[in-house]
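Examination of the molecular architecture
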Amino acid sequence: MTQAAPELVASNKCFDGWLKRYKHSSTTTGTEMVFAIYLPPQAQTQPVPVLYWLSGLTCTDENFMQKAGAQRVAAELGVAIVAPDTSPRDTDLPGEHDSYDFGSGAGFYVNATETPWSAHYRMYDYVTDELPALIEQHFPVTPKRAISGHSMGGHGALICALKNPGRYVSVSAFAPISNPINCPWGEKAFSGYLGTDREAWKAWDSCELIATAKERLLILVDQGEADDFMQEQLKPEALKAACASAGHQLELRMRPGYDHSYFFIASFIEDHLRHHARALKQT
């Protein structure tokens, strides 16, 4: 399906490439959505592959692009980066703006089934289907895709890859919410978006999906050992156990002294970009 071209909101030259923000009318969410895209200098002469980055709670499309310091390496590697928003905006549903971990800025990359959220909160379909189709129609990119993210976005990256064999060539995450059906953030979000049937939640939980995954991409994860959320919310040990049980490749790197912030992401983003570039450049 042909989509209308998005509208340019802002543009900044960066490492001889261009960081741009666009808005468009989303048929998936029924709202106006904003995304950021970094086009490396190579995109001026040929199509380039794309890394999709999913951000965490309270973030927008801007946090990663402004704080992670990814553009220098992306420019060297010839990889575009696309960062969508983390939820629909301006729907003003009851309670949407009451807390940081549900509603606005906290879409959790699921397709909501509960009213009133099901009308707009369909971030999974937006991220996996509508946005890539839009990018591939209107920008100089190839169909080769990788996916990564942080915290809630790390959860999103993992489930998008696990639920869609063949759609991404690589996956990674920083401090992902690995087992959302068993942590307070996930239980709150899933109860609101998906209802009270905990069996239905399993379709959106990485540790559950790994057991039956039809594709075995290496999962690269960095986790700060000084992350205040690690034990209660993120549960990297659950991810490690699930991968071990299923024989799924996992490179879990525990980083002493690092916390949950973008200082942590900026410290290791180059490793992740090079990991994805190796897969994206394979013929």
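For the structure itself, look to the data block above.
Let me sum up the structure you'll find in this document. Note that the structure is predicted; figures quoted are calculated from it, not measured.

Overall, the coordinates contain 18 aromatic pairs when judged by the stated rule. Summarising the aromatic geometry, the rings of Trp-53 and Phe-64 are spaced 4.2 Å apart at their centres and angled 20 degrees between planes, so their arrangement reads as stacked. Within this pair, whereas Trp-53 is found in strand β4 (residues 48-54), its partner Phe-64 is found in helix α1 (residues 62-67), the two being separated by 11 residues in sequence. For Trp-53, a relative accessible area of 0% gives the class buried. Given a relative accessible area of 1%, Phe-64 falls into the buried group. Here the aromatic rings of Phe-108 and Phe-190 are separated by 6.1 Å at their centres, their planes lie at 80 degrees, and the arrangement is edge-to-face. Here Phe-108, found in the loop between β5 (80-84) and α3 (123-138), pairs with Phe-190, found in helix α5 (residues 184-194); they are 82 residues apart in sequence, far enough to count as distant.

With that settled, the discussion passes to the environment of Pro-140. Within the secondary structure, Pro-140 is located in the loop between α3 and β6 (141-149). On a C-alpha basis, the gap between Pro-140 and Leu-234 in space is 36 Å, while along the polypeptide they are 94 residues apart. The contacts of Pro-140, once residues within four sequence positions are left out, are Leu-39, Ala-43, Gln-46, Pro-47 and Val-48.

This brings us to the pattern of salt bridges. Enumeration over the complete set of coordinates arrives at 17 salt bridges. A salt bridge links Arg-145 to Glu-136; the shortest N-O distance between them is 2.7 Å. Accessibility expressed as a relative area gives 16% for Arg-145, which makes it buried. Note on Glu-136: relative accessible area 28%, which makes it partly exposed. Salt-bridge contacts for Asp-222 lead to Arg-253; the nearest nitrogen and oxygen are separated by 2.8 Å. With Asp-222 in strand β8 (residues 219-224) and Arg-253 in strand β9 (residues 250-255), this residue pair connects regions lying 31 residues apart in the sequence. Taken together, the shared-partner salt bridges connect Asp-222, Glu-251, Arg-253, Arg-255 and Asp-271 into one network.

About the cut-offs
- Residues numbered from 1 in each chain as written.
- Predicted model: local features only at pLDDT ≥ 70, side-chain atom pairs only at ≥ 80, totals over all residues.
- Heavy atoms only, no water.
- Phe/Tyr/Trp six-rings, centres within 6.5 Å; stacked < 30°, edge-to-face > 60°.
- Helix = DSSP H or I, 4+ residues; strand = E, 2+ residues; numbered from the N terminus.
- Buried < 20%, exposed > 50% of the residue type's maximum accessible area, 1.4 Å probe, protein only.
- Contact = heavy atoms within 4.5 Å.
- Salt bridge = Lys/Arg side-chain N within 4 Å of Asp/Glu carboxyl O.

Function cannot be inferred from these measures alone, as they are strictly geometric.
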